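Fold and contact review
These are the residues of each chain, in order.
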Amino acid sequence: MAQGRDVVAAKCFQCHGASMITSEHEDARKWNRITREMQRFSQRIPGKNPISEPERVAATAYLARILGEKDDDDHQEDEREEEEEKEEEAAASDAGDGDQRGRGRGRGRGRRGRGA
Ligand code: HEC
């Protein structure tokens, strides 16, 4: 039985390193498409050990399991970004109001002070 991890190590790493693969976070459907293309490459490029269909299926399942969680990561990132934006907005509007009030009062008092 072909193990997905072994297939990736033995067949996928023939042509590129692990980082090429681990930088991709795709769902099973997209991995299916990618591995099919890679299978074609492995069959067409001379001197490569071709990826068989059972190996491709095993690799796809493995990749979707270990590299298919992008949605969750994204979600967490979105939430973090939203919080940061809210904080920045609050800080900006505080600073803006304070500034305007401060400057207005300061200038008013200043001019009146000098005039009198
Ligand atoms: C025969 C050589 C070969 C083998 C074997 C191979 N790849 Fe590739 N792979 C390539 C080439 C060439 C590219 C660049 C293709 C391009 O630029 O469109 C690539 C690109 C990729 C990419 C980048 C995304 C993309 O669509 O361009 C991923 C991810 C990837 N391969 C995963 C795999 C996986 C997973 C396997 C094993 C199932 C595998 N590769 C096996 C040659 C290979």
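Here is what the cut-offs are and how they apply
- Residues numbered from 1 in each chain as written.
- Predicted model: local features only at pLDDT ≥ 70, side-chain atom pairs only at ≥ 80, totals over all residues.
- Helix = DSSP H or I, 4+ residues; strand = E, 2+ residues; numbered from the N terminus.
- Buried ≥ 20, exposed ≤ 12 C-beta atoms within 10 Å, placed from the backbone.
- Contact = placed C-beta atoms within 7 Å.
- Core = buried A, V, L, I, M, F, W, Y, C linked by C-beta atoms within 7 Å.
- pLDDT = per-residue confidence, 0-100.

1. Some details on the environment of Leu-63
- Locating Leu-63 in the fold gives a position in helix α4 (residues 53-66).
- With 26 C-beta atoms counted inside 10 Å, the residue Leu-63 sits in the buried group.
- The spatial distance from the C-alpha of Leu-63 to the C-alpha of Thr-22 is 8.7 Å, given a sequence separation of 41 residues.
- Apart from residues no more than four positions distant in its own chain, Leu-63 is found in contact with Val-8 and Trp-31.

2. As for the nonpolar core
- Val-7, Val-8, Cys-12, Trp-31, Met-38, Ile-51, Ala-58, Ala-59, Tyr-62 and Leu-63 form the largest nonpolar core, which has 10 residues in total.
- Of all the secondary structure elements, the ones that give two or more residues to this core are α1 (4-10), α3 (28-44) and α4.
- At 4 residues, the largest contribution of residues to this core is made by α4.

3. What about the confidence of the model for the protein?
- Across the protein, pLDDT averages 79, with 62% of residues at or above 70.
- Looking over the protein, one finds the lowest element-wise mean pLDDT in helix α5 (residues 70-115), namely 58, and the highest in α3, namely 97.
- Per-residue pLDDT stays below 50 along residues 73-77; that stretch engages in 0 contacts with residues further than four places along the chain or on separate chains.

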